[in-house]
Amino acid sequence: MSVAGSVRAVTTLRLTEMKQRGEKIAMLTSYDYSTAKIVDAAGIDVILVGDSAANVMAGYETTLPITLDMMIYHARSVTRGAKRALVVVDLPFGTYQGNSKVALDSAIRIMKETEADAVKMEGGEEIIESVQRIISAGIPVMGHLGLTPQSIHKFGTYNVRAKEEAEAAKLIRDAHLLEENGCFAVVLEKIPATLATQVSQELRIPTIGIGAGSGTDGQVLVVHDMLGISNDFSPRFLRRYADLHGVMSKAISSYVEDVKSCDFPNEKEQY
Ligand code: KIV
C-alpha cells in the first residue's frame, strides 16, 4: 500500500506477468525515506527493506542482531518514499523460525505498522509452516534460498552455496515447496548460475538473483554496494555504478577545509 492507502503500481501479480513476458525485474534495497524516493522514481520494480540494514546502516558484522522494531523503523521510512515499487520487508532473525504463531505476529506487525506490501523469509522446508500461516493471513511472502545470511554461523563462510549435488537438490526441492505453498517470488543468493537458471526455468513464480548469474527473472543488489558507498565489500558479482564513497569523502574534506579557512560561509551565505 502507498502512503495514501492505495495499492502501489507494482504488485505481486505484475511480477508474475513480467516473468511470463520475459521482462526482467529490477530490485534494490533501501532503508530510508530519501534513498527510497530516488530509487522509486528511477524506475525500480521492487524495493527490499533488507536486514542488510544491520550491516550497512548499523555497522554490525552479520544480519543477526537487527530487531523487528529496527526493521519496522526502516520500512516505515521507505514506504513513505516509495509510490510505485512493491515494498518487501525482511523478517529478521529470530522472528519466524521455529514457531509459526510468532512468525505470523511478526509479519502482521510489519504489514500493520509500515504499509509495506510483502515480507521476505530465508529458508525452505524448515520454515514452511511459518510461510503457510503468514500466506493464509493474506500476507504475500518472498522466499530466499542459497546463501541465506541469517544462517552464517551454520555455513561458517559467505562462499557460494549449493555447489555440491545434495545441497543443490535440496535447493530445487525447497524452491518448488515455496512455490507450491504460495510464495510470489524467491531470491536466489550466491549459487552457481546453471543451478539458478534451472530453478528459474522450472518455477512459474519469478526468481530474483544476487550472485546467481543472468538466468534468473530479476536481479537484486544492496544499494550501498552498487552506489559504492561501502568500499570494503567487493564480491565478483557486484557491479559498482558509482563511487559515492569517493564523492562524499571529497565533498566532506572540502567542507572541513572551507570551515577551517573561514571560506564558508561567505557573505552571500548569511542573513
Ligand atoms: O538483506 C538483504 O539485503 C537481502 C538481499 C541481499 C537479497 O536479503
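Residues numbered from 1 in each chain as written. Predicted model: local features only at pLDDT ≥ 70, side-chain atom pairs only at ≥ 80, totals over all residues. Heavy atoms only, no water.

A. Just the packing of aromatic side chains, in detail. As enumerated under the stated definition, the model contains 1 aromatic pair in all. R161 extends its terminal NZ or CZ atom over the ring of F155, reaching a point 4.0 Å from the ring centre. (Phe/Tyr/Trp six-rings, centres within 6.5 Å; stacked < 30°, edge-to-face > 60°. Lys NZ or Arg CZ within 6 Å of the ring centre and 35° of its normal.)

B. Quick peek at the sheet that holds strand β1 (residues 25-29). Spatial ordering of the closed barrel is given by β1-β2-β3-β4-β5-β6-β7-β8, a layout of 8 strands whose pairing is parallel. The sheet shows a mean angle of 25° between the axes of neighbouring strands, direction not considered. As defined by bridge partners, strand β7 (residues 207-210) adjoins strand β8 (residues 218-221) across 2 bridges and the pair is classed as parallel. Pairing of I208 across the sheet is with G218, part of β8. (Pairing = 2+ DSSP bridges. Helix = DSSP H or I, 4+ residues; strand = E, 2+ residues; numbered from the N terminus. Axes fitted to C-alpha atoms, helices over the stretch in contact; angles between N-to-C directions.)

C. Structural view of the environment of D105. When you line up the elements, D105 lands in helix α5 (residues 100-114). We classify D105 as partly exposed; its relative accessible area is 36%. Along the chain, D105 and F233 lie 128 residues apart, while their C-alpha atoms are 34 Å from each other. (Buried < 20%, exposed > 50% of the residue type's maximum accessible area, 1.4 Å probe, protein only.)

D. Examining the site of the ligand more closely. Lining the immediate environment of the ligand, one finds T29, L48, G50, D51, S52, D90, K120, H144, E189, I210 and V222. D90 places a side-chain nitrogen or oxygen 3.1 Å from an oxygen atom of the ligand. Protein chains bury 96% of the 260 Å² of accessible surface belonging to the ligand in isolation. Judged by the fraction of its atoms near the pocket grid, the ligand is located in the largest pocket. (Near = heavy atom within 4 Å. Polar contact = N/O pair within 3.5 Å; in protein donor to acceptor, adjacent residues only side chain to side chain. Areas by Shrake-Rupley, 256 points an atom, 1.4 Å probe, with all protein chains shown as cover. 1 Å grid on protein atoms, 1.4 Å probe; cavity = no way out; pocket = protein on both sides within 12 Å on 5 of 7 lines; lining within 4 Å. Sits in = over half its atoms within 2 Å of the grid points.)

E. Focus on the side chain of E179. Residue position: E179 is located in helix α8 (residues 165-180). Residue classification places E179 among the buried residues on the basis of a relative accessible area of 10%. Beyond its immediate stretch of four places on either side in the chain, E179 contacts L203, R204 and I205. (Contact = heavy atoms within 4.5 Å.)

F. Representation of the domain arrangement of the protein. Structurally, the protein comprises domain 1 (12-240) and domain 2 (243-271). Look at where the C-alpha atoms of domain 1 and domain 2 centre, and you get two points 38 Å apart. (Domains from an automatic or database assignment.)

G. How the structure looks around the layout of surface pockets. Looking at the largest pocket, its volume works out to about 730 Å³. In this structure, the largest pocket is lined by 33 residues; those nearest its centre are S52, N55, V222, D225 and F233. Of the residues that constitute the lining of the largest pocket, the class distribution is 15 nonpolar, 9 polar and 9 charged. Of the voids in this model, the second largest pocket is the one considered here, and its volume is about 390 Å³. Taken together, 20 residues line the second largest pocket, and the ones lying closest to its centre are G123, E126, T148, K154 and F155. Every element with two or more residues in the lining of the second largest pocket is listed here: β5 (141-146), α7 (152-155) and α8. (Points joined across faces, edges and corners; volume = space filled by probe spheres on them. Nonpolar A, V, L, I, M, F, W, Y, C, P; charged D, E, K, R; others polar.)

H. Examining the pairing of β1 more closely. In terms of burial, β1 is largely enclosed, as 4 of its 5 residues are buried. Pairing analysis gives 4 bridges linking β1 to β8, with the strands arranged parallel. Each residue of the ladder has a partner; that of L28, found in β8, is L221. Bridge count between β1 and strand β2 (residues 46-49): 3 bridges; the pairing is parallel. Across the sheet, residue T29 finds its bridge partner in β2, namely L48.

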